[in-house]
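Coordinates in review
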Amino acid sequence: MESCACEKCVSACRRDPGRLVPADVKKIADFLNIGAAELCRGYLVRIPARGRDGHVQFLAPAKIKARRFLAAPGSVVPDYYAGEAGRCVFLSGQGQCLVHEVKPFECAAYMGCRHTFLGRPYKEKDVEAFFVSRWRKAQDQFR
Ligand code: SF4
Ligand code: SF4
């Protein structure tokens, strides 16, 4: 998927990094020249889906606030995590994505200026269902 890259558009990167799909793990790990396990332990957090899909966990870049991780990389985030804004671990000090070429699926599929996901109006419930469907069968792959 092609992803856009206006330098000014990093508001989501400063608040709530985009979720990965399972195939992103190897792509990003290869890009960083590290293993998948190191990526998961050192840069990503596990986010449980809401409601009855809570047994499904997504991977997303860890958030940083005041120079500290809001939840430790490799961990399952606490309930309050979604409501806490934090900058993405892959956002450089100059406001650029350090993994732009292989950025997580949600980062590439979301257009902040149009508030769309895969070209459709962004609806939290539908986007969550999309990621649940992608992660349901891959739960044990990156533990
Ligand atoms: S991975 Fe890149 S595009 Fe996605 S939130 Fe982080 S800095 Fe932004
Ligand atoms: S979402 Fe819009 S503003 Fe943001 S990088 Fe893409 S085209 Fe630019």
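Higher on the page you've got the structure.
Cut-offs and rules
Residues numbered from 1 in each chain as written. Chains lettered and ligands numbered in written order. Predicted model: local features only at pLDDT ≥ 70, side-chain atom pairs only at ≥ 80, totals over all residues. Heavy atoms only, no water. Helix = DSSP H or I, 4+ residues; strand = E, 2+ residues; numbered from the N terminus. Buried < 20%, exposed > 50% of the residue type's maximum accessible area, 1.4 Å probe, protein only. Contact = heavy atoms within 4.5 Å. Near = heavy atom within 4 Å. Nonpolar A, V, L, I, M, F, W, Y, C, P; charged D, E, K, R; others polar.

One can find Phe131 in helix α5 (residues 124-135). Looking at Phe131, the relative accessible area reads 0%, which means it is buried. Between the C-alpha atom of Phe131 and that of Cys9, which follows or precedes it by 122 residues, the distance is 23 Å. Not counting chain neighbours up to four residues away, the residues in contact with Phe131 comprise Arg19, Leu20, Val21, Phe58, Phe105, Glu106 and Phe117.

A few words now on the site of ligand 2. As a matter of local geometry, ligand 2 sits amid Cys4, Ala5, Cys6, Cys9, Met111, Gly112 and Cys113. The residue makeup of the shell around ligand 2, split by class, is six nonpolar, one polar and no charged.

What follows concerns the side chain of Gln57. Structurally, Gln57 is set in strand β2 (residues 57-61). Residue classification places Gln57 among the buried positions, given a relative accessible area of 14%. For Gln57, the contacting residues outside a window of four places in its chain are Arg46, Ile47, Pro48, Val76, Trp135, Gln139 and Arg143.

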